[in-house]
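# Chains, contacts and geometry: an overview
Residue-level listing of the chains:
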Amino acid sequence: MDELRFQITEDMEGERLDKCMGMLLDSLSRSFLQKLIKDGQVLVNGETAKGSYRVNADDEVAFFLPAAVEPDILPENIPLDILYEDSDLIVVNKPKGMVVHPAAGHYSGTLVNALMYHCGKELSGINGVMRPGIVHRIDKNTTGSVIACKNDRAHASIAAQLKEHTVNRRYRAVCLGALPDDQGVIDAPIGRHPTDRKKMAVNVRNGKRAVTHFRVLERFVGYTYIECVLETGRTHQIRVHMASIGHPILGDDVYGPRKCPFSLQGQTLHAKTIGFQHPSTGQYLEIDAPLPEYFQRLLTLL
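Residues numbered from 1 in each chain as written. Predicted model: local features only at pLDDT ≥ 70, side-chain atom pairs only at ≥ 80, totals over all residues. Heavy atoms only, no water.

## Let's talk about the packing of aromatic side chains
With the rule as written, the count across this model stands at three aromatic pairs. Between tyrosine 223 and phenylalanine 262 the ring centres are 5.8 Å apart and the planes differ by 65 degrees, which places this aromatic pair in the edge-to-face class. Taken together, the positions of tyrosine 223 in strand S13 (residues 223-230) and phenylalanine 262 in the loop between helix H5 (237-244) and strand S14 (269-277) put the pair 39 residues apart, joining distant regions of the chain. With relative accessibility at 14%, the residue tyrosine 223 sits in the buried group. Overall, phenylalanine 262 belongs to the partly exposed group, its relative accessible area being 24%. With 6.1 Å between their ring centres and 55 degrees between their planes, tyrosine 225 and phenylalanine 295 make a pair best called tilted. Placement of tyrosine 225 in strand S13 and of phenylalanine 295 in helix H6 (residues 293-301) is noted, with a sequence separation of 70 residues between them. Overall, phenylalanine 295 belongs to the buried group, its relative accessible area being 0%. (Phe/Tyr/Trp six-rings, centres within 6.5 Å; stacked < 30°, edge-to-face > 60°. Helix = DSSP H or I, 4+ residues; strand = E, 2+ residues; numbered from the N terminus. Buried < 20%, exposed > 50% of the residue type's maximum accessible area, 1.4 Å probe, protein only.)

Right, here's the structure in full:
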């Protein structure tokens, strides 16, 4: 059982303990944290506390995290659209509907299952047995290029480039409405939604800096075809940012209208181009993922 400790800052004073922990530990669900508090696994100043406890500045919270029990992840013979591959890494064109790595409810049919079959034991282990080779991800219903690493050295190199924002990531998307400008920059922090833990939101108080550049490629009646370039890589960044300016991504039933006139089964968002410095040669490598057939048909229809 691992123990984590943190101190309450002045800006959190007066918040409920469970809400405060949810803001600080956004990788864990509110219900999971509430159960740990109820089970007495969370101490405030050395004593158990209820989730409704209102925290004070300088309170010390000790958080006991049970050891995770990770299920066996098995290789699966799932076809991959390979865009590039060498002894260090592989870049695949992920289809719509495929989850990148296993998680609760998705232990099979993921990109990791497919990579384990294709690459065997040649996948980096930095992110553990649940995410072998995975250095970044895209959403289940986003298509396009994903890098997976075959050794820890390559993984460390690509991870460092992602952290330094030097990886060139260009997306194609169709958004609702007519954008007033042909290009622009959205610089707005993104964090967990204050009331819906499954969503992200522009969150000035608890978000991390997020920057998306966009430019118009083509205008249609009621829709705009755009290219988005990520300066940062927050969860759901493009989807949240475009929704925040009143132009959600077409087909996005989480941040946009629940009904889509084209029955797309997911947002029209495609990770088209990814460019990075190769971990072994040092040369700049740029990979392009062609638009999926459904996306091309939609553009023709529009």
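## Describing empty space enclosed by the protein
Tallying each qualifying case throughout the model produces one cavity of 30 Å³ or more. Together, His136, Ile138, Ser145, Arg169, Arg170, Tyr171, Ala271, Thr273 and Ile274 line the largest cavity. Where the lining of the largest cavity is concerned, the elements lending two or more residues are strand S8 (168-176) and S14. Grouping the constituent residues of the lining of the largest cavity by class yields four nonpolar, three polar and two charged. (1 Å grid on protein atoms, 1.4 Å probe; cavity = no way out; pocket = protein on both sides within 12 Å on 5 of 7 lines; lining within 4 Å. Points joined across faces, edges and corners; volume = space filled by probe spheres on them. Nonpolar A, V, L, I, M, F, W, Y, C, P; charged D, E, K, R; others polar.)

## Thoughts on unusual backbone geometry
Although it is not a glycine, asparagine 45 sits at a positive phi angle of roughly 55 degrees. Note on placement: asparagine 45 falls in the loop between strand S2 (42-44) and strand S3 (47-48). Classification of asparagine 45 by relative accessible area gives partly exposed; the value is 46%.

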